[in-house]
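Examination of the molecular architecture
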Amino acid sequence: MTDSCEITLEAVSSIGQIPAGEWNACANTDGAYNPFVSHAFFAALETSGSAIARTGWAPRHLVARIAGDVVGVVPCYLKNHSQGEYVFDHGWADAYARAGGSYYPKLQASVPFTPATGPRLLVRLGDEAARVREHLAAGLIALCGATHASSVHVTFAQEDEWAFLAKQGFLQRTDQQFHWRNEGYGTFEDFLATLASRHRKGIRRERRDALANGITVHPLTGSDITPDAWDAFFEFYMETGSRKWGRPYLTRAFYDMVGQTMAKDVLLVMAKRDGKWIAGAINFIGSDTLFGRHWGAIEHHPFLHFEVCYYQAIDFAIRRGLKRVEAGAQGEHKIDRGYLPQTTYSAHYIADPSLRRAIRDYLARERTYVQEAVRELTEAGPFRKPDGED
């Protein structure tokens, strides 16, 4: 191997230290586009003050280079808490503290505040791709030691990364979300026709009732997202986020930056009554997936949440020919509305051998539970059964 093929690794403290073109060449390959791993999304998070050291998300992005060229990156943060991750390890931290250990800081290889599956070991295509991937995995473990972190958590990874990291000494964890799949529907009515009668009737009733009281719904993308819509949506986010989380994660500046750099990747579904915005949901558009993120409202009307978050997303995905809608974390109520269980994957390197053994045993039981839950919930889905309910 010549020196020109030597792979060097470096951890940088800002997305701004990596040129956007070089990051994006690693992030979205084979024609696939995931907006959450784009340079613009991380830049919005960090420049806006949403994901920075002061909020407990200190960037430590791992960069692999060959002959000075960026050939791989891992979005990574050094954290002193477990907030905003959606893969819950508070119990691990508490148990380790009771045993006299210090769980924080830890390293989080993820997209902050974003429970959406996507690549985490971002590698530029080429002859060295496999070797770069191995170096990035080893680099995460080395970074764990260099930062005196207890662990590395690669969350909402792709399944192939999950399997690969297991071979590198990472523990395997699974969970579930609820996703809608496009089976080649031409219209929303085509989708409804695949459901059992009571679910079909229930959705039609919910969509009708959601628009009672003179409510209108407006799907906005690109330049159609006006400043007043962004202002209103941030008000919704702050009101709802304050009730759910205590302190919302994202700043107003984050939405300004997304509106400036990623508006074509955003679907903002807004509801209006009496000439005033009253509720909204933000989605991000990938090459084959619509990612639902969060919603908020200042007025609460029956079924409006379902219309704005779930049914409008399905409608948009059908019109755009997208393969799926990922509706975010949690929510078994989504099943009745056509969203079925989907396994999600994370990988965890635990430095302390005793803690690693305890977590390994726990995860083995948890994976069995998740697998069975996915099977049972899928069988209970709303779709028509052969020789069964219409």
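What counts, and at which threshold
- Residues numbered from 1 in each chain as written.
- Predicted model: local features only at pLDDT ≥ 70, side-chain atom pairs only at ≥ 80, totals over all residues.
- Heavy atoms only, no water.
- Helix = DSSP H or I, 4+ residues; strand = E, 2+ residues; numbered from the N terminus.
- Rg over C-alpha atoms; globule rule 2.2 N^0.38 Å.
- Contact = heavy atoms within 4.5 Å.
- Areas by Shrake-Rupley, 256 points an atom, 1.4 Å probe, with all protein chains shown as cover.
- Lys, Arg positive; Asp, Glu negative; His and termini not counted.
- Charge placed at Lys NZ, Arg CZ, Asp CG, Glu CD.
- Domains from an automatic or database assignment.
- Buried area = accessible area lost by both parts, 1.4 Å probe.
- Salt bridge = Lys/Arg side-chain N within 4 Å of Asp/Glu carboxyl O.
- Polar contact = N/O pair within 3.5 Å; in protein donor to acceptor, adjacent residues only side chain to side chain.
- Pairing = 2+ DSSP bridges.
- Axes fitted to C-alpha atoms, helices over the stretch in contact; angles between N-to-C directions.
- Core = buried A, V, L, I, M, F, W, Y, C linked by side-chain atoms within 4.5 Å.
- Buried < 20%, exposed > 50% of the residue type's maximum accessible area, 1.4 Å probe, protein only.
- Phe/Tyr/Trp six-rings, centres within 6.5 Å; stacked < 30°, edge-to-face > 60°.

Overview of the overall build of the chain
- When its secondary structure is counted, the chain shows 11 helices and 15 strands.
- On C-alpha atoms alone, the chain measures out to a radius of gyration of 22 Å, which is about the 21 Å that the 2.2 N^0.38 rule sets for 390 residues.
- Its C-alpha atoms put the chain at 65 × 50 × 45 Å along the principal axes.
- Residue pairs at least 24 apart in sequence account for 75% of intrachain contacts in the chain once pairs closer than 6 positions are excluded.
- For the chain, the exposed area adds up to about 16800 Å²; of that, 50% sits on carbon and sulfur atoms.
- Charged side chains in the chain number 43 positive and 46 negative. The centres of these two groups are separated by 4 Å.

Some details on the domain arrangement of the chain
- In terms of domain boundaries, the chain breaks down into domain 1 (7-178 + 342-378) and domain 2 (183-322).
- Computed from C-alpha atoms alone, the centre-to-centre distance between domain 1 and domain 2 is 28 Å.
- At the interface, 24 residues of domain 1 touch 17 residues of domain 2.
- Around 1600 Å² of area is buried between domain 1 and domain 2 when both sides are counted, 69% of it from carbon and sulfur atoms.
- In this structure, the connection of domain 1 to domain 2 is made through 0 salt bridges.
- Our count for the contact surface shared by domain 1 and domain 2 stands at 6 residue pairs in polar contact (both at pLDDT 80 or more).

Some details on the sheet that holds strand S4 (residues 69-74)
- Pairing is antiparallel across the open sheet formed by 4 strands, whose spatial order is S1-S3-S4-S7. At either end of the open sheet lies a strand with only one pairing partner, and these are strand S1 (7-12) and strand S7 (122-123).
- Helix-sheet contacts for helix H1 (residues 20-27) involve strand S3 (61-66), S4 and S7, and the interaxial angle to S4 is about 60°.
- Lying over the sheet, helix H4 (residues 129-146) contacts S1, S3, S4 and S7, oriented at roughly 45° with respect to S1.

What about the nonpolar core?
- Counting 49 residues, the largest nonpolar core has Leu45, Tyr255, Leu268 and Met270 as its most contacted members.
- Looking at this core, the elements with two or more residues in it are H1, helix H2 (39-47), S4, helix H8 (227-245), helix H9 (252-261), strand S11 (266-273) and strand S12 (276-285).
- By residue number, the principal contributor to this core is H8, which donates 7 residues.
- In terms of domain composition, this core takes at least three residues from each of domain 1 (7-178 + 342-378) and domain 2 (183-322).
- Not counting the four nearest positions on each side in its chain, Tyr255 is found in contact with Trp230, Phe233, Phe234, Tyr237, Leu250, Ile282 and His294.

Regarding the pattern of salt bridges
- For the structure on display, the rule yields 22 salt bridges.
- Across the pair Glu307 and Arg207 runs a salt bridge whose closest N-O atoms are separated by 2.8 Å. Of this pair, Glu307 sits in helix H10 (residues 304-320) while Arg207 sits in helix H7 (residues 197-210), placing them 100 residues apart in sequence.
- Given the relative accessible area of 2%, Glu307 is considered buried.
- With relative accessibility at 17%, the residue Arg207 sits in the buried group.

Structural notes on the side chain of Ser38
- Inspection of the secondary structure assignment puts Ser38 in the loop between H1 and H2.
- Within polar-contact distance, the side chain of Ser38 engages the backbone oxygen of Pro35 at 2.7 Å.
- With residues up to four places along the chain from it excluded, the contact list for Ser38 reads Trp23, Asn24, Tyr33 and Met262.

Here we look at the packing of aromatic side chains
- In this structure the tally under the stated criterion is 27 aromatic pairs.
- Between Trp57 and Tyr77 the ring centres are 5.5 Å apart and the planes differ by 80°, which places this aromatic pair in the edge-to-face class. Linking Trp57 in strand S2 (residues 57-59) with Tyr77 in strand S5 (residues 77-79), this pair joins segments that are 20 residues apart in sequence. Like Tyr77, Trp57 is buried.

Structural notes on the side chain of Glu206
- Looking at where Glu206 falls in the secondary structure, it is placed in helix H7.
- Dropping the residues within four chain positions of it, Glu206 is found in contact with Phe303, Phe306, Tyr311 and Arg337.

Let's talk about the sheet that holds S5
- In spatial order, the strands read S2-S5-S6-S8-S15-S9-S14-S13-S12-S11-S10; together these 11 strands make up an open sheet with mixed pairing. Strand pairing shows two members of the sheet lacking a second neighbour, S2 and strand S10 (216-221), which therefore form its edges. Geometrically, the sheet is characterised by an average inter-axis angle of 30° between neighbouring strands, direction not taken into account.
- As judged from the 3 bridges shared by S2 and S5, these two strands associate in the antiparallel manner.

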